[in-house]
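# Analysis of the macromolecular model
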Amino acid sequence: MKQEDITMQYLGINYNMKHAPKLDSTFIPFGVWRAAYLKDAKTPIGLMDVITVPGLKVSYRMLLTSKGKLTLVAIDDSEKDWKLCRIEDKTIVKGGKIQLNLHDGRNILLDRNEYKTGDVLKVSFDGQKILESYPLAAGSSALVSRGVHAGKIAKVKDYVVVKGPSANVVKFDDESETVKGNVFVIGLNEPAIKLPEAE
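Every chain is numbered on its own, with residues counted from 1 as its sequence reads. A pLDDT threshold of at least 70 governs which residues receive local features in this predicted model, and a stricter bar of 80 or more applies before side-chain atom pairs are shown or counted, although totals over entire chains, interfaces and linings include all residues. Each side-chain value is worked out from all heavy atoms of the structure, with water and hydrogens disregarded.

### A short note on empty space enclosed by the protein
Defined as follows: Using a grid of 1 Å spacing that covers the protein atoms alone, one calls a set of points a cavity when a 1.4 Å probe fits there but cannot get out, and a pocket when the set is open and has protein on both sides within 12 Å along at least five of seven lines; lining residues are those with an atom within 4 Å of a point. Grid points are joined across faces, edges and corners, and a volume is the space filled by probe spheres set on the points. By the convention adopted, Pro, Cys, Tyr, Trp, Phe, Met, Ile, Leu, Val and Ala count as nonpolar, Lys, Arg, Asp and Glu as charged, and the other residues, Gly among them, as polar.
For the structure on display, the rule yields one cavity of 30 Å³ or more. Of the volumes computed, that of the largest cavity is approximately 30 Å³. In this structure, the largest cavity is lined by L63, L64, L143, I153, I186, L195 and P196. Taken together, the residues of the lining of the largest cavity break down into seven nonpolar, no polar and no charged.

### Here's the deal with unusual backbone geometry
How we decide: Helix and strand assignments follow DSSP, with helices taken as H or I runs no shorter than four residues and strands as E runs no shorter than two, numbered in order from the N terminus. Relative accessibility thresholds used throughout: buried, under 20% of the residue-type maximum; exposed, over 50%; partly exposed, between the two (1.4 Å probe, protein chains only).
At M48, a position not held by glycine, the phi torsion is positive, near 80°. Relative to the helices and strands, M48 resides in the loop between α1 (3-10) and β1 (50-53). Take M48: its relative accessible area is 0%, and that puts it in the buried class. The phi dihedral of Q128 falls on the positive side, at around 50°, and the residue is not glycine.

### Section: the nonpolar core
Stated formally: Throughout, nonpolar core names a set of buried Ala, Val, Leu, Ile, Met, Phe, Trp, Tyr and Cys residues whose side chains join them through atoms within 4.5 Å. The contact definition used throughout considers only heavy atoms, calling two residues in contact when any of these lie within 4.5 Å.
Within the largest apolar cluster, 22 residues are counted, with the highest numbers of intra-cluster contacts made by M48, L84, L143, F172, F184, I186 and I193. Contributions of two or more residues to this core are made by β2 (58-64), β4 (82-92), β9 (141-144), β10 (153-160), β11 (169-172) and β13 (183-187). Top element by residues in this core is β13. It accounts for four residues. Apart from residues lying up to four places away in sequence, M48 is in contact with R61, M62, L63, K83, L84, H103, L143, F184, I186 and I193. Counting 10 residues, the second largest nonpolar core, distinct from the first, contains I87, L102, L110 and L121.

Spelled out as structure tokens, the structure:
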């Protein structure tokens, strides 16, 4: 979602590109902000991104409604300093370190190979520290982020590794299922984030 759409439609702020400092973070840019800002004011805001407006003392997380549409969910201070990031891929880089490639385009370097693709990390904005991890496994809470069931919240019943070129499958407690790429884990037994109100 474009930043100007968010400022005007959701926050009631008259967006002006001249008020977009180029500093570092995942926060939407605006002249009155004191925290961190996006490097590029034209960068869209995506799933799980956090928006904070210090002047208004409000923070939001970008999520999906039950109908699969992007929406901003107001969050309190306990949630505003971190985001959930899904591990899309892993590579071994120079020095034998493990590079985690995350869904928002960022990378994290680790000394040990601790996580799997599809797992989700709770990552702080300050120093990009891993605060917690949520595996793609039975019992985890998950958001269906793509496909015909986008926006659905369900508990993982089983993760099935499929032999051959077909995508691995995630099965849920309600007997529905989807491919791995459509699933975004959002917590262990319960969601770790505040969710949109039911439509």
